[in-house]
Amino acid sequence: MAKIIDGKAIAAKIRAEISAEAARLKEKGIVPGLAVVLVGEDPASKVYVSMKEKACADVGIFSDEYKLPVETTEEELLALIGKLNADPKIHGILVQLPLPKQINTERILEAISPEKDADGFHPYNVGRLVIGKPLFQPCTPYGVMVMLKEAGVELSGKEVVVVGRSNIVGKPVAFMCLQQNATVTLCHSKTRDLAGKVAQADVVIAAVGVPEMIKGSWIKEGAVVIDVGVNRVGEKKLVGDVEYAAASERASAITPVPGGVGPMTITMLLQNTLESAKRGL
Ligand code: NDP
C-alpha cells in the first residue's frame, strides 16, 4: 500500500516557515506585498481570490485587492499594472485568470514586471526556468517539486513521465524535473501507447483534467504518483486524473485528491511573494 504524500501537512509546514520569515522581515521594516487583480464576476475566480487573500493574511503578507468591473478595457487594466509595477509596497502581482474576452491575456501577463510576476507566467520567467535559472517558478509545479523533496524522492537518474503539456503545469514541471537530472518524457493527447510510457515511470506526474484516466494497472510497482488533476464528478465529489485506489496498490507513494497538490499551489504563491520581497532587500 502506498504512503500518502500529504499536501495539507506539507503546505502547513511551508506556511509556518513563510510566516516566521515574514515576521523576521517585518523587524527590518519590510512587509511582503501581493496585489491581486480580479476582473469581472466569475464565481470560481472570486473564491480563489478570497482564498489567496486569507492565506496572505494568515502568514503576515500584505495583500491589496483590485476588483474591476467586467467591462474594464485592456488599457485600463494595463494602466493599473503599470501603477503596481512601480509601487514599492508590492512585491508580487497576480492577475486572476480567465480575463473577459475584450482583454488580451498574453498582453496583460507580459505587462507585469518579470520581477513581480508571482505566478511565473511571464515569458522572461518561463525562459529563465528553461535555462535552469528560475526567478519566479509557477506555483503548481513549484508545489509539486516541494512535495517530492519533502517526501524524500530523489529524481536524479529517474524516469519521470509527465502527462499533460500545459504552460502552467505540464511543461514547467517537466523542465523542473530535468533540472533535477531526471530523464523526462512529456506526454499529451497525441502520445501513442500512453499506458506503456506510464509503465516505464519511476515517477508519474499527471496534469490532464480527465477523471481517473491514468489506470492503476499502468503504474509500475514502487513508482511515485503525483496527481495534479482536480475533476468534479457529480455534485460534490472531487477526483484526480489517476485511478487512486488501484494506483495506491502498486505505488510506493501517492498524492490524494483532494488534499494533495491542491493546498500547495497557494502556498507557493506566498513563497514567491516572500522570495520577491527578500530579493528587493
Ligand atoms: P490543460 O487542459 O491546459 O492541459 C491538459 C493537458 O492534458 C494537455 O496537454 C492535453 O494534451 C493533455 N491531455 C488531454 N487529454 C489527454 C489524454 N486523453 N491523454 C493524454 N493527454 C491528454 O490542463 P491544465 O494543465 O491547466 O490542468 C490539468 C489538471 O490539473 C486539471 O484537472 C486542472 O484542474 C488541474 N490543476 C490543478 C491545480 C492545483 O492547484 N491542484 C492547478 C492547475 C491545474 P494536448 O496538449 O495534446 O491537448
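So, how was this worked out
Residues numbered from 1 in each chain as written. Predicted model: local features only at pLDDT ≥ 70, side-chain atom pairs only at ≥ 80, totals over all residues. Heavy atoms only, no water. UniProt positions renumbered as here; feature names shortened; annotations may be inferred. Helix = DSSP H or I, 4+ residues; strand = E, 2+ residues; numbered from the N terminus. Rg over C-alpha atoms; globule rule 2.2 N^0.38 Å. Buried < 20%, exposed > 50% of the residue type's maximum accessible area, 1.4 Å probe, protein only. Contact = heavy atoms within 4.5 Å. Areas by Shrake-Rupley, 256 points an atom, 1.4 Å probe, with all protein chains shown as cover. Near = heavy atom within 4 Å. Polar contact = N/O pair within 3.5 Å; in protein donor to acceptor, adjacent residues only side chain to side chain. Nonpolar A, V, L, I, M, F, W, Y, C, P; charged D, E, K, R; others polar. 1 Å grid on protein atoms, 1.4 Å probe; cavity = no way out; pocket = protein on both sides within 12 Å on 5 of 7 lines; lining within 4 Å. Points joined across faces, edges and corners; volume = space filled by probe spheres on them. Pairing = 2+ DSSP bridges. Right-handed = clockwise from strand over helix to strand, strands pointing away. Axes fitted to C-alpha atoms, helices over the stretch in contact; angles between N-to-C directions. Parallel < 35°, antiparallel > 145°, perpendicular 65-115°, else oblique. Patch = residues over 30% accessible without salt bridge, like charges linked within 9 Å, V, L, I, M, F, W, Y side chains within 5 Å. Salt bridge = Lys/Arg side-chain N within 4 Å of Asp/Glu carboxyl O.

By the naming in an unreviewed UniProt entry, the chain goes by Bifunctional protein FolD and is assigned to Geomonas paludis. UniProt lists a comment for the chain under the heading Pathway (unreviewed entry), and it reads "One-carbon metabolism; tetrahydrofolate interconversion." According to the UniProt record, the Function (unreviewed entry) comment for the chain reads "Catalyzes the oxidation of 5,10-methylenetetrahydrofolate to 5,10-methenyltetrahydrofolate and then the hydrolysis of 5,10-methenyltetrahydrofolate to 10-formyltetrahydrofolate."

1. Here's the deal with the overall build of the chain
For the chain, the count of helices and strands is 10 helices and 11 strands. For the chain, whose C-alpha radius of gyration is 19 Å, the value lies close to the compact-globule estimate of 19 Å for 281 residues. By residue count, 49% of the 281 residues in the chain fall in the buried class. Across the chain, contacts joining residues at least 24 apart in sequence account for 70% of those joining residues at least 6 apart. Looking at the chain as shown, the accessible area adds up to about 13300 Å², and 55% of this sits on carbon and sulfur atoms.

2. Observations regarding the site of the ligand
Around the ligand, 21 residues are found, and the nearest of them are Arg165, Ser166, Ser189, Val230 and Thr265. His188 is positioned such that a nitrogen or oxygen atom in its backbone is 3.5 Å from a nitrogen atom of the ligand. A distance of 2.5 Å separates an oxygen atom of the ligand from a polar side-chain atom of Ser189. Expressed as a share of its isolated accessible area of 930 Å², the protein-covered part of the ligand is 67%. Looking at the shell around the ligand, its residues break down into 10 nonpolar, 10 polar and one charged.

3. Describing helix α7 (residues 170–179)
Of all the residues in α7, the buried ones are Gly170, Pro172, Val173, Ala174, Met176 and Cys177. Remark: Asn181 follows α7 within two positions and exhibits a positive phi of approximately 70 degrees.

4. Section: the layout of surface pockets
Of the voids in this model, the largest pocket is the one considered here, and its volume is about 1400 Å³. Along its surface, the largest pocket is lined by 49 residues, and Tyr48, Thr140, Val230, Gly262 and Thr265 are the ones closest to its centre. Of the residues forming the lining of the largest pocket, the biggest block, nine residues, is contributed by helix α2 (residues 43–59). Here the lining of the largest pocket is built from residues that sort into 29 nonpolar, 10 polar and 10 charged. Its volume calculated, the second largest pocket comes out at about 390 Å³. Lining the second largest pocket are 19 residues, with Tyr142, Met145, Val146, Lys149 and Gln180 positioned closest to its centre. For the lining of the second largest pocket, the elements supplying multiple residues, two or more each, are α6 (139–150), α7 and α10 (262–279). Of all the elements, α6 adds the most residues to the lining of the second largest pocket, at six residues. Of the residues belonging to the lining of the second largest pocket, the class tally is 12 nonpolar, five polar and two charged.

5. Remarks on the sheet that holds strand β11 (residues 253–254)
Reading across the sheet, the six strands line up as β1-β11-β8-β7-β5-β6 and stay open at both edges, with parallel pairing between neighbours. The open sheet is flanked by β1 (3–4) and β6 (183–187), the only strands paired with a single partner. Two strands pair when backbone bridges link them, and strand β5 (residues 159–163) and strand β7 (residues 203–206) are joined in this way by four bridges, in the parallel orientation. Note on β7: the bridge partner recorded for Val161 is Val204.

6. Some words on the pairing of β6
Across five bridges, the pairing between β5 and β6 is parallel. Bridging across to β6, Val160 finds its partner in Val184. Running through α7, the crossover from β5 to the neighbouring parallel element β6 is right-handed.

7. Here's the deal with the packing of α6 against α10
Relative to each other, α6 and α10 sit at 100 degrees, their axes nearing to 8 Å. Taken together, the axes of α6 and α10 are roughly perpendicular relative to one another. Contacts between α6 and α10 pair Cys139, Thr140, Tyr142, Gly143, Val146 and Met147 from the former with Met264, Thr265, Met268, Leu269, Gln271, Asn272 and Glu275 from the latter. Partitioning the contact of α6 with α10 into residue classes produces seven nonpolar, five polar and one charged.

8. A look at a nonpolar patch on the surface
On the surface, Val126, Val130, Phe175 and Leu178 cluster together to form a nonpolar patch covering roughly 310 Å² of accessible area. Those elements that place two or more of their residues in the nonpolar patch are α5 (123–130) and α7. Relative to the helices and strands, Leu178 resides in helix α7.

9. With respect to the side chain of His122
Considering the arrangement of structural elements, one finds His122 in the loop between α4 (105–111) and α5. A distance of 3.1 Å separates the side chain of His122 from the backbone oxygen of Glu110, its partner in a polar contact. For His122, the contacting residues outside a window of four places in its chain are Leu109, Glu110, Ile112, Pro114 and Asp117.

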